[in-house]
Amino acid sequence: MGKNEILSDEMCSPVREILLQATPEEKAALWSGKSFWQTRGIERLSLPPVVVSDGPHGLRRQKEEPGKSDNLGVNSSDPAVCYPAASLSACSFDPELLEEMGRALGEECRKSNVDVLLGPGVNHKRSPLCGRNFEYFSEDPLLSAAMGGAWVRGVQSMGVGACLKHFALNSQEDARFFNSSDIDTRTMREIYLPAFEHIIRECQPWSVMPSYNRINEVYSCENPALLGELGRKTFGFKGAYISDWGAVPDMIASVKAGLNLEMPSSHGAAIKRILTALKNGSLNEKELNDAIEKVIELSLKVREGKKIPFEFNEEKSLALAKKIAAESAVLLKNEDAALPLKRSHSITVIGAFAANPRYQGAGSSKINPVKLDNTREALANLGFNFDYAEGYDAVTGQASEDQIRAAVEAAKGKDRVVIFAGLPASYESEGYDRPHINLPEGHNRIISEAAKINPNVVVVLQTGSAAAMPWIDSVRAVLLVYLSGCQGGAAAADLLTGIANPCGHLAETFPKKIEDTPCHNFYHKDKFNSLYAEGIYTGYRYYSTAGIKPLFPFGHGLSYTSFEYSDLTLSAGEISARGKEIAPLVVTVTIANSGPVSGKVAVQLYVSQKNPSVFKAARELKAFQKISLAAGEKKTCTFTLDGTAFTHFNAALNDFDIASGDYEIQIGASSEDIKSRAPLQIKNSIPSEDIDYAKILPSYYAPKNNNFNEQEYRKLLPAVQKKKFTHPFTADTPVFALGATAIGSIIKKAVIKQGRAYNKENPDSQLDEFLNMPIRFFAQSNLGITRDTVDGIAAIANGRFIKGIKFFLSGEKF
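Structural notes, computed from the coordinates. (Residues numbered from 1 in each chain as written. Predicted model: local features only at pLDDT ≥ 70, side-chain atom pairs only at ≥ 80, totals over all residues. Heavy atoms only, no water.)

1. Some words on unusual backbone geometry
Negative phi is the rule for most residues except glycine; trans is the rule for most peptide bonds. Cis geometry marks the peptide bond from G119 to P120; its omega dihedral reads 5°. Considering the arrangement of structural elements, one finds P120 in the loop between β3 (116-118) and α5 (141-156). You will see that N113, though not glycine, has its phi angle at about 60°, which is positive. In this structure, N113 sits in the loop between α4 (95-111) and β3. The backbone of Y482 sits at a positive phi, close to 50°, despite the residue not being glycine. With respect to the secondary-structure elements, Y482 resides in the loop between β16 (477-480) and α16 (488-497). For Y482, a relative accessible area of 0% puts it in the buried group. (Helix = DSSP H or I, 4+ residues; strand = E, 2+ residues; numbered from the N terminus. Buried < 20%, exposed > 50% of the residue type's maximum accessible area, 1.4 Å probe, protein only.)

2. Digging into helix α8 (residues 224-234)
L226, L227, G228, L230 and G231 are the residues of α8 that are buried. The elements touched by buried residues of α8 are β4 (161-167), α6 (185-192), β6 (207-210), β7 (214-215), β9 (240-241) and α9 (251-257). The backbone nitrogen of A225 has a side-chain oxygen 3.2 Å away, supplied by the residue at the start of α8, namely N223. A positive phi of about 80° marks G236, the residue just after α8. (Contact = heavy atoms within 4.5 Å. Polar contact = N/O pair within 3.5 Å; in protein donor to acceptor, adjacent residues only side chain to side chain.)

3. Some words on the sheet that holds strand β14 (residues 416-422)
Within the open sheet, the six strands sit side by side as β10-β16-β15-β14-β11-β13. Their pairing is mixed. Each edge of the open sheet carries a strand with a single partner, namely β10 (330-334) and β13 (387-389). Strand-to-strand twist across the sheet, computed as the mean angle between neighbouring axes with direction ignored, equals 15°. Summarising the sheet, β10 and β16 pair through four bridges and their orientation is antiparallel. Bridge assignment links K333 to a residue of β16, and that residue is V478. Running at roughly 165° to β14, helix α15 (residues 441-453) makes contact with β11 (347-350), β14 and β15 (457-462) of the sheet. (Pairing = 2+ DSSP bridges. Axes fitted to C-alpha atoms, helices over the stretch in contact; angles between N-to-C directions.)

Structure (structure tokens):
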């Protein structure tokens, strides 16, 4: 095969020239990172390396020094602006605001010489127990797509690449390195992949990050159906696939599946194994060229991106962080206009989070804020006088009896008692999931006991995900600020005092109790395999269909003003479809601000089908608009719907399809507060057969009380062989499983010791993460262990000492 025959015809000329001149060693080196945060270049061919950094709500730029880089948020990073986490910014329902944030992040990357920012995370929120939910946008794929796409556009407009993550179905943190997401095709395409698909099609992120987990038993990094068939062919992805850090199980299988770049450096292991595979024929040069083509393209994009002018302004970025926090916070309850506060009120502020806020999540997104404010100081700066009681420890969240007594005593006789409560950092983090959705006991006790002696309690919640509120009927107001970034304190003060008017809407449902969640019977049931048996019924799709009333529904959000909805009209009452296409349907509705002050509201459009032959959720969000109205002002919102607003995934066709039938266009203030409805009839001129769900999944036509049938659901899954992680051990074996043998137990104890030493300040904080890590991870750490050493450890743990020693002596160097 000649050189030209092993190069794709679609390659641009500069890429082709580099590949023609590069040696096999240089090509193999391009596939694996040079260090923790940098790719390799080819200096003699003027191909520069690429510098990447964690995001997505700020820049976590670390020094490239031994022992100073990590992907767990343990080591320090350069000071940067910390924006609100995605769990909050999604509640703005304002893509323009997210695009502005993306531009600011891009400018800061340029200032810090970062070429690719690792974000956004658009994984679907399957359960509020996921420890990383703060880093993801929503339980609705349309909203995640809109917000994530805007973020990508903003970042890339500054000549910096985005890295869309985590592709795909990384819906839990516990056992994320090896757990298999077992799911049917329809659910995957309708719920878990649309955000990725939309952002890839519309925004073309420079890179996409395949996730750690397996999907129907196949690791994402070595999954040709995911990376090739779906990502490249169906979605049209043109950028580079960059592995999550340490997520590559089999290097050669990953090259052949379409992975373009392994990160971080495997210290020469990938180079050695690729060259060996080229020599023995298990990998051919065209497969390697196809893989590294995208790495070369990424490097060339970075070089061109540096020509785009930029101007980073720290104060402007801090002001934007505050604006996003203010326009995203959700007023969940405001009985008898308890808020806003007045200067004439006698006020007590309770809670350590008022002075030491929980403003960001833990893990790889942990930012070292260039400046950090708090609401206690911000209220004082606004001229409000108030008493203050700490209430609990800001780090642990624990409250002593003395602290609780002092807090309740301070609440007596006041016009307003503002209690800051929420989840300490230890309650939710990358690397592990929450065991429950409760606040710390001390927080709940302070709120409940204060409410007993004072009816004027206002709660400000700082949390990364949904939380139970057993005291909700006893308090007058609840302001949800999630994790609001380094300027969230001043934003909360403006909202509490009426300087800013709350206009956020929930991007996820708040259930009354964890047992109400649709995946409750399956989430964490099996450490190695997660069954997605609730199917399409996630979040509000389940609650609305099953008739289960949540604590607060998706889309809910109050204001200091009020809005009226009227004059819903459709451009047609009957439309024809051809397969998955329709002529555009124009929907208009009039919104009026009937209250005393100006405000913003997210107008939500849902689509519902009456008596569908294929089971569907009661309603699905298909469009939204954030509008601003002065007091007394009216505006007409116009939505133009195409076929995607009415499609479901037809598994028999392996494509989206529109079912004929009676539909309803619904305009709502939330998924449970539908203000106006209009009927619509659709007739598809190309009828198609679908799977006989009524026969296979009868219980899914009337879901209630988590009655999803595991046996029914498994009929939809592909027949695959389950991977074993127990003895005999391999490089993929998680540390905890080594305890199955005596020799493995000795190795496990040594790893635990090393894991505790990794974070000297809090030695047990990452212990669960270490125990769940496949032993191959340590070959890409700063521990001085190579991939051959890992294979040697596995061999010795299996009792094969001579083989293990041979691996140790193989010559692979760190």
